[in-house]
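# Chains, contacts and geometry: an overview
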Amino acid sequence: MEDLDVVAWIQVSGGRMLAVRSRGRDLLYLPGGKREPGEDDWSALSREVREELDLELDRTSFRELGVIRAPAHDQPDFAHVRMACFTAAYRGAMAAAGEVDEYVYVGRGERHLLAPAAQAALDLAERHGLLA
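Residues numbered from 1 in each chain as written. Predicted model: local features only at pLDDT ≥ 70, side-chain atom pairs only at ≥ 80, totals over all residues. Heavy atoms only, no water.

On to the nonpolar core, then. Judged by nonpolar contacts, the single largest core of 24 residues is most densely connected at I10, L30, I68, M83 and L114. Taken together, the elements giving at least two residues each to this core come down to β1 (4–9), β3 (16–22), β6 (63–71), β7 (80–87) and α2 (116–127). Those residues within four positions of L30 in sequence are excluded, and the remaining contacts are A8, W9, I10, M17, L18, V20, M83, A118 and A121. Listed in part, the 17 residues of the second largest apolar core include V7, L55, A84 and F86. (Core = buried A, V, L, I, M, F, W, Y, C linked by side-chain atoms within 4.5 Å. Buried < 20%, exposed > 50% of the residue type's maximum accessible area, 1.4 Å probe, protein only. Helix = DSSP H or I, 4+ residues; strand = E, 2+ residues; numbered from the N terminus. Contact = heavy atoms within 4.5 Å.)

This brings us to unusual backbone geometry. Residue D54 is not a glycine yet carries a positive backbone phi of 60°. Within the element layout of this structure, D54 appears in the loop between α1 (41–53) and β5 (56–57). Within the chain, D74 stands out as a residue other than glycine whose phi angle is a positive 60°. As for its placement among the helices and strands, D74 is situated in the loop between β6 and β7.

Okay, structure coming up:
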């Protein structure tokens with residue numbers, strides 16, 4: 001079984017990482033998603049963040065933090081998720097949009113609210129010194 005290959009945005013504020021809840025999902029995920037045909041990481045992630053949070057990412061601050069692999073949650077066609085994680089500054093007023101019902105900032109003590117790949121991304125953010 002192939003991995004679900006996605007891109008994700010790691011946004012940290014006040015030592016807490018941004019997470020979103022998509023419609024009908026029980027756990028929180030990171031903003032991002034699958035690439036459309038022909039999209040590179042930047043194009044896919046900036047499109048997904050625009051669709052999910054009504055924000056524009058800043059291309060000049062876009063950088064990769066790393067790639068994680070974790071068990072897939074609520075993805076019956078995939079056993080694992082391969083998630084390329086990026087940071088970038090943004091412009092705009094954050095608002096839940098599209099398939100996203102809510103967004104929240106979570107800390108280490110709330111990791112149980114996160115899907116496995118988002119938990120791994122929280123650990124990645126911590127290794128990079130982004131969490132307080």
